[in-house]
Amino acid sequence: MLKPLRIVLWAAVALAVAGVAAYVYLDRQNSVATAPTVAIGGPFKLAASTGGIVDSAQLKGQPFAVFFGFTHCPDVCPTTLYEMSSALGKLGDEAKDLKVFFITVDPERDTTEFLKSYLTSFDPRIVGLRPTPDELPQVAKSYRVFYEKVASEDGDYTMNHTALVYLMDREGKFFGTLDYEEKPEVRLAKLRRLLKEE
Ligand code: NI
């Protein structure tokens, strides 16, 4: 379990990232050519729970979503995956091509096989990706994602991590975020906007 102070700190981190996201979104809306843009996301080639490699270059023309987490997560990750599955279920065929990538920040324990069996509880459009310990810092950095290993009382460890879902458009550019525990209708509206964007 996260201590209250940690929750507050991580909420602050999430808000800071959301602030950047809102700024980028406004920038897009206003087409202000001179405003600085903050790049969120970048190319990746990672081992997938569905077998083989997912190469972001092959996703061109297709929007996708990215979430960082780990399978031993007690609450935030399963909740996010559950909420995402529920949204995908409601969107049905509207989101039939939408891929959602769950990138583990705990590659030590989360093998692709483990990710595969864990994700059977959720919508099949959610694909697990496992960066190697060497690949993880780069992909997390490109999404401005924070993660850290924390020793737990039982001598094991847990991971703290950013809990935002990143929405990426057909060009592979940052489109916006889904925020932890926001209203389901807000989440659905954001996903619909992403899917309709040309
Ligand atoms: Ni988590």
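Notes on the structure in this doc start here. (Residues numbered from 1 in each chain as written. Predicted model: local features only at pLDDT ≥ 70, side-chain atom pairs only at ≥ 80, totals over all residues. Heavy atoms only, no water.)

Here seven strands make up an open sheet; going across it, the order is β2-β1-β5-β4-β3-β8-β9 and the pairing mixed. Every interior strand has two partners, whereas the edge strands, β2 (53-55) and β9 (174-178), have only one. Averaged over neighbouring strand pairs, the angle between their axes works out to 35 degrees when direction is ignored. As defined by bridge partners, strand β8 (residues 165-168) adjoins β9 across four bridges and the pair is classed as antiparallel. Within β9, the position partnered with Tyr 166 by the bridge is Thr 177. (Pairing = 2+ DSSP bridges. Helix = DSSP H or I, 4+ residues; strand = E, 2+ residues; numbered from the N terminus. Axes fitted to C-alpha atoms, helices over the stretch in contact; angles between N-to-C directions.)

This paragraph deals with empty space enclosed by the protein. Inspection of the entire model under this criterion finds one cavity of 30 Å³ or more. Size it by volume and the largest cavity reaches roughly 60 Å³. Lining the largest cavity we find Thr 80, Glu 83, Met 84, Ala 163, Val 165, Leu 178, Asp 179, Tyr 180 and Arg 187. Top element by residues in the lining of the largest cavity is helix α2 (residues 76-91). It accounts for three residues. Of the residues assigned to the lining of the largest cavity, the class counts are five nonpolar, one polar and three charged. (1 Å grid on protein atoms, 1.4 Å probe; cavity = no way out; pocket = protein on both sides within 12 Å on 5 of 7 lines; lining within 4 Å. Points joined across faces, edges and corners; volume = space filled by probe spheres on them. Nonpolar A, V, L, I, M, F, W, Y, C, P; charged D, E, K, R; others polar.)

This paragraph deals with the coordination of the nickel ion. The protein atoms that coordinate the nickel ion are Cys 73 (SG), Cys 77 (SG) and His 161 (NE2), at distances spanning 2.1 to 2.2 Å. Between the donor residues of the nickel ion, the gaps in sequence give the motif C-x3-C-x83-H. Remark: His 161 occurs in strand β7 (residues 157-161) and Cys 73 occurs in the loop between β3 (64-69) and α2; sequence separation between them is 88 residues. (Donors = N, O, S within 2.8 Å, 3.2 Å for Na, K, Ca; no water.)

Counted at 1.5 Å a residue, the expected span for helix α5 (residues 184-196) with its 13 residues is 18 Å, and the 18 Å between its end C-alpha atoms agrees. Looking only at α5, the buried set comprises Arg 187, Leu 188, Lys 190, Leu 191, Leu 194 and Leu 195. Projected down its long axis, α5 carries its buried residues within an arc of 165 degrees, all on one side. Looking at α5, the residues exposed on the side facing more than 90 degrees away from the buried face are Glu 185 and Lys 196. Check the buried side of α5 and you find it contacts β3, α2, β8 and β9. (Expected span 1.5 Å × (residues − 1). Buried < 20%, exposed > 50% of the residue type's maximum accessible area, 1.4 Å probe, protein only. Arc of directions from axis to C-beta. Contact = heavy atoms within 4.5 Å.)

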